[in-house]
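A look at the structure
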Amino acid sequence: MEERKTMKKLISFIILLGALFLVAGCAPENLKDKDIIIPDVLPTEEINITFWHAMGQANQVLIQELIDDFQVLYPNIKVTQASQGGYNDLRDKLNTAIRAGTEPNLAQAYPDHVAVYLQGNAVLPLDEYINHPVWGYTQADLDDFVPSFLAEGRLYDEAQTYYSLPFNKSTEIMFYNKTYFDAKGLTVPSTWAEVRTVAQFIKNDTGKIAFAYDSEANLFITLTEQWGGAYTDYNGNILFNNTQSKAAVGFFSQMYKDGLAATPTHFDGQNYASDIFKAENIYMTVGSSAGARYNDSTVFEVGVAPIPQFDGAGAKQAVIQQGTNVSIFKNATDAQRLASWLFLKYITSTEATTMFSSGSAYFPVRISAYDSAEYQAFLAKANTGDILARSAIAAKAQSNRFFTSAAFPGSSLARDEVQALVRAVLYGNKTVDQAYQDALNELTW
Amino acid sequence: MTTKMNVKNIVRNYKWDTLFKNILLYGFLTIMAFIVVIPFYWMVITSLKTRAEVDLFPPTLFPAVMMFSNFPEAMAQADFSRYIYNTIYVGVISTFGTVITTILAAFAFARLEFKGKALLFSLFLATMMIPGEMMVITNYITVARLNWIDTYEALIVPFIVSVFYIYLLRQSFKQIPNELYLAAKVDGTSDFKYLIRIMVPIAMPTIISITILKLIGSWNAYVWPNLVADSDSMRLITNGLRRAFTDDYGRSAIHLQMAATTVVTMPLLIVFLFLRKYIMRGVSRSGIKG
């Protein structure tokens, strides 16, 4: 009897131990610390890679087209795309996946996302691939990228290592009520001083606020840059407590006080100005080119122009560059890494970027794509009022002014804080100095 | 004479009292009913509005134009039949699993004698003190090591044991008199037979409650399925509804989202109508945990 009991105990102990080993033994090896070895010949066995993104339904169709075209070139590479919801969902899922070692091979990423992934040593540096004699780029290839788009992929360290290549890029542009502007003989403003003059005219004419800036954070960052002030740097230092930035915010705040300009918050706390614009309650709005469709009206003709610039002392021509890049993750076999690189290289090629940008609200990442017949045909649709084509033309006109604010793991916090700052100045009855002090206190404690 | 007057007075006062009480009671119930119905009402009218009308401020209480075309348009946005299938599949299997493990464990804790029973049971109860959200990352890592990410196993296996339900059913089992067990033993019944023939039928109402609550919980699950399902074919309806209508600019087509939500809420509503009695009993039995 006693023996049987001991036996039972022993058996259950062994089973328990076995279960533990089952869990531990199944652990797939995390390959992220393995040296990068780039095969000169692509292995012939089937290679499966996954691409995570945050694209909506319409763009998923375009991505599938890209995948299908890619698989004609490399039949043994199987690419699976998976939308993970919004950009924040994508980032959160990736952060969890990196900890568990289940990250995909490629993913769309904003620079500040990449900065966080880099803390987990998860992102594959691309320089060895870019410079590889068989699989790499020529100098002509690199020169063909829109320079500011390409630069965004290498702003993470002193050595300027590439950690991503540009994929879906957008910017801010100004939509205006062309029907109204034409009727009143108004010229589209290109400077903030002109915005004031035109807005004053519209206020006298209609009694309405003429201008709205969609994103308060972008308003702060862009105007600070235009006025020649600093915002943050790559090490995460907060630098915006300067006279230029305060002058910029002071200028916009004065326009608001004079009833000439606002942000969507003013209009019953809306998030975007597009509905107010379409209801003809404002006549000019600066918003993301990715959301151009939302500003399209069936009632009046919508014109699209570059965003206004500052033309005072110390001015810098600047417009924010938005949209994401694509990064490759280290945790994969050499064959998967190479396959991922080939896929990334394909989706940033002239042919692919032309196709993708002609069907979406994003811009080509290659200069040669702008000259292609297919893209020119897309741009020609601007004459018949196509808002995506009009946006693309306006964006191209200001493409030499693109800038990116520095990305570091806390840069989205800084964005949130300056958005609160702008709201505090416009709607919270705070003085500019007070609001800056509050934001600084929040960010540097 | 005076007594008669008094009785009249008392009756009148009583009538006024009940009337007043009823007005208060039904007034309160009406307000509460409104609070419960408004989200549903809002979902249905939003599903019938145009995109422009959804954004209007102040919002309209009834759609200006009935957009029945929202429904087919919404259902075309994603493979909702697949999502529903996944949800039902995961719900049924994990509920079945939960009921089995719960019955066996509750029987062991309620009836059997073994070493460390009290300690083991307190350990079980102790895990209830830890919020589930805290275990999400460790669970994810475990599931990832088993290579279960993006499979049904990841959606089902972590949820086939519930300490709370074990506790609930154990209490129910404990109320069954010892004499029944001893009598059965005298008749030579095995423990398992006793469990199946005697205890399960007696505790059936509790088991039905557990089944229903578990199904509802599984239908509503969001955070975990969102984490472990990577591909579209493994997605549950909750996650599908959340993401199918968001474009890459971050804006949602709310009218379509609500149309799809209305469609997938209907099955639950119908289930509720049929099983109302059991659901209400289950919820009241388990206290506030819904």
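Sequence positions are assigned chain by chain, starting from 1 and proceeding in written order. Just so you know, chain letters begin at A and ligand numbers begin at 1, following the order they were written in. Per-residue local features of the predicted model are confined to residues with pLDDT of at least 70, and side-chain atom pairs are confined, for both listing and counting, to 80 or more; whole-chain, interface and lining totals are unaffected and use all residues. As a rule here, side-chain values cover all heavy atoms of the structure and leave hydrogens and water aside.

1. Here we look at the nonpolar core
Phe211(A), Phe220(A), Phe240(A) and Trp341(A) are the most contacted members of the largest nonpolar core, which has 160 residues in total. Counting residues per element, this core draws most heavily on helix H13 (residues 334–347) of chain A, at nine residues. Should any heavy atoms of two residues lie within 4.5 Å, those residues are considered in contact. When near neighbours in sequence (up to four residues on either side) are disregarded, Phe211(A) contacts Met174(A), Trp192(A), Val195(A), Phe252(A), Leu260(A), Ala261(A), Ala262(A), Met284(A) and Val286(A). Formed by 21 residues, the second largest nonpolar core is a distinct cluster that contains Tyr165(B), Ala184(B), Leu195(B) and Ile210(B). The nonpolar core is taken to be a set of buried Ala, Val, Leu, Ile, Met, Phe, Trp, Tyr and Cys residues, with the residues joined through side-chain atoms within 4.5 Å. In this scheme, a residue with accessible area under 20% of its type's maximum is buried, one over 50% is exposed, and one in between is partly exposed, where area comes from a 1.4 Å probe on protein chains only. Secondary structure elements follow DSSP: runs of H or I of four or more residues count as helices, runs of E of two or more count as strands, with numbering from the N terminus.

2. A few points about the packing of aromatic side chains
Note on aromatic contacts: the rings of Phe and Tyr and the six-membered ring of Trp form a pair at centre separations within 6.5 Å, being stacked when their planes are under 30 degrees apart, edge-to-face when over 60 apart, and tilted otherwise. Here the structure, examined in full by the defined rule, presents 43 aromatic pairs over all chains. Seen from their ring centres, Phe121(B) and Tyr167(B) are 6.4 Å apart, and the 25° between their planes marks the pair as stacked. Of this pair, Phe121(B) sits in helix H5 (residues 117–127) while Tyr167(B) sits in helix H8 (residues 163–174), placing them 46 residues apart in sequence. Under the relative-accessibility criterion, Tyr167(B) is labelled partly exposed at 32%. Ring geometry for Phe164(B) against Tyr165(B): centres 5.7 Å apart, planes inclined by 55°, an arrangement best described as tilted. For the pair Phe164(B) and Tyr165(B), a shared accessibility class is recorded, and that class is buried. Following the ring pairs from residue to residue traces out a cluster consisting of Phe51(A), Phe70(A), Tyr74(A), Phe167(A), Phe343(A), Tyr346(A), Phe356(A) and Tyr362(A).

3. Some remarks on the interface of chain B and chain A
Taken residue by residue, the interface counts 26 residues in chain B and 32 residues in chain A. Summed over both partners, the interface of chain B with chain A buries about 2,600 Å², with 54% contributed by carbon and sulfur atoms. We define a salt bridge as a side-chain nitrogen of Lys or Arg found within 4 Å of a carboxyl oxygen belonging to Asp or Glu. In this structure, the connection of chain B to chain A is made through one salt bridge. Among the salt bridges present, the one from Asp230(B) reaches Lys93(A), with a minimum N-O distance of 2.7 Å. Under this definition, polar contacts are N or O atom pairs within 3.5 Å; protein pairs additionally need one hydrogen-donor-capable and one acceptor-capable atom, and for neighbouring residues in sequence, both atoms have to be side-chain atoms. For the interface between chain B and chain A, the tally reads eight residue pairs in polar contact (both at pLDDT 80 or more). Breaking the side of chain B that touches chain A down by element, the ones donating at least two residues are helix H6 (136–145) and helix H12 (223–228) of chain B. With six residues, the single largest contributor to the side of chain B that touches chain A is H6(B). Across the side of chain B that touches chain A, the residue classes break down as 11 nonpolar, six polar and nine charged. The buried area of a pairing is the accessible area, by a 1.4 Å probe, that goes missing from both parts when the two are put together, added over both. Charged means Asp, Glu, Lys or Arg here, nonpolar means Ala, Val, Leu, Ile, Met, Phe, Trp, Tyr, Cys or Pro, and polar covers whatever is left, Gly included.

4. Considering the pattern of salt bridges
Residue and element names in this part refer to chain A. The final tally for this structure, using the stated rule, is 19 salt bridges over all chains. Between Asp144 and Arg366 there is a salt bridge whose closest N-O contact spans 3.3 Å. Note that Asp144 is positioned in helix H6 (residues 139–144) and Arg366 in the loop between helix H14 (350–359) and helix H15 (367–371), a separation of 222 residues in sequence. Accessibility classification places Asp144 together with Arg366 in one group, the buried group. Taken together, the shared-partner salt bridges in this structure form one network comprising Lys34, Asp334 and Arg337.

5. What to know about the packing of helix H11 (residues 243–257) of chain A against helix H18 (residues 411–427) of chain A
All names here are of chain A. Where H11 contacts H18, the axes come no closer than 9 Å and their chain directions differ by 40°. Judged on the interaxial angle alone, H18 and H11 are oblique. Between H11 and H18 the crossing geometry is right-handed. Here Val249, Phe252, Ser253 and Tyr256 of H11 lie close against H18, whose contacting residues are Leu421, Val425, Leu426 and Tyr427. A breakdown of the residues in the contact of H11 with H18 according to their chemical character gives seven nonpolar, one polar and no charged. Axis definition: a line fit to C-alpha positions, over the contact stretch in the case of helices; interaxial angles, taken between N-to-C directions, run 0 to 180 degrees. The scheme is simple: roughly parallel for angles under 35 degrees, roughly antiparallel for over 145, roughly perpendicular for 65 to 115, oblique for anything else. Helix crossings get a hand from a simple test, with the near helix turned counterclockwise from the far one by less than a right angle marking a left-handed crossing and a clockwise turn marking a right-handed one.

6. Some words on the domain arrangement of chain B
All names here are of chain B. Throughout, the edges of the domains are those of an automatic or database domain assignment. Looking at the assigned domains, one finds that chain B contains domain 1 (2–47) and domain 2 (78–286). With five residues of domain 1 in contact, the opposing surface of domain 2 contributes eight residues. For the pair domain 1 and domain 2, the summed buried surface comes to about 500 Å²; carbon and sulfur atoms form 82% of the total. Of all residues in domain 1, Met43, Thr46 and Ser47 bury the most surface against domain 2, accounting for 80% of the area lost on that side. Joining domain 1 to domain 2, the criterion identifies zero salt bridges. Here domain 1 is connected to domain 2 by zero residue pairs in polar contact (both at pLDDT 80 or more).

7. Some words on H14(A)
All names here are of chain A. With seven of 10 residues buried, H14 lies mostly within the body of the structure. Listed in full, the buried residues belonging to H14 are Ala352, Thr353, Thr354, Met355, Phe356, Ser357 and Ser358. Each element contacted by the buried residues of H14 is listed here: helix H2 (57–73), strand E4 (165–177), H13, H15 and helix H16 (373–380).

8. What to know about unusual backbone geometry
A positive phi is found at Glu280(A), a non-glycine position, where the angle reads about 60°. Relative to the elements of secondary structure, Glu280(A) occurs in the loop between helix H12 (274–278) and strand E7 (284–288). We note that Asp150(B) has phi near 70°; this positive angle belongs to a residue other than glycine. Along the chain, the position of Asp150(B) falls in the loop between H6 and helix H7 (152–156). Judged by relative accessible area, Asp150(B) falls into the partly exposed class, the value being 23%.

9. Remarks on the packing of helix H3 (residues 87–100) of chain A against helix H4 (residues 111–119) of chain A
All names here are of chain A. Their axes nearest at 10 Å, the elements H3 and H4 cross at an angle of 10°. Relative to H4, the element H3 is oriented roughly parallel. Every residue of H4 that contacts H3 at Tyr87, Leu90, Arg91, Leu94, Asn95 and Ile98 is listed here: His113, Val116 and Tyr117. When grouped by side-chain class, the residues that make up the contact of H3 with H4 number six nonpolar, two polar and one charged.

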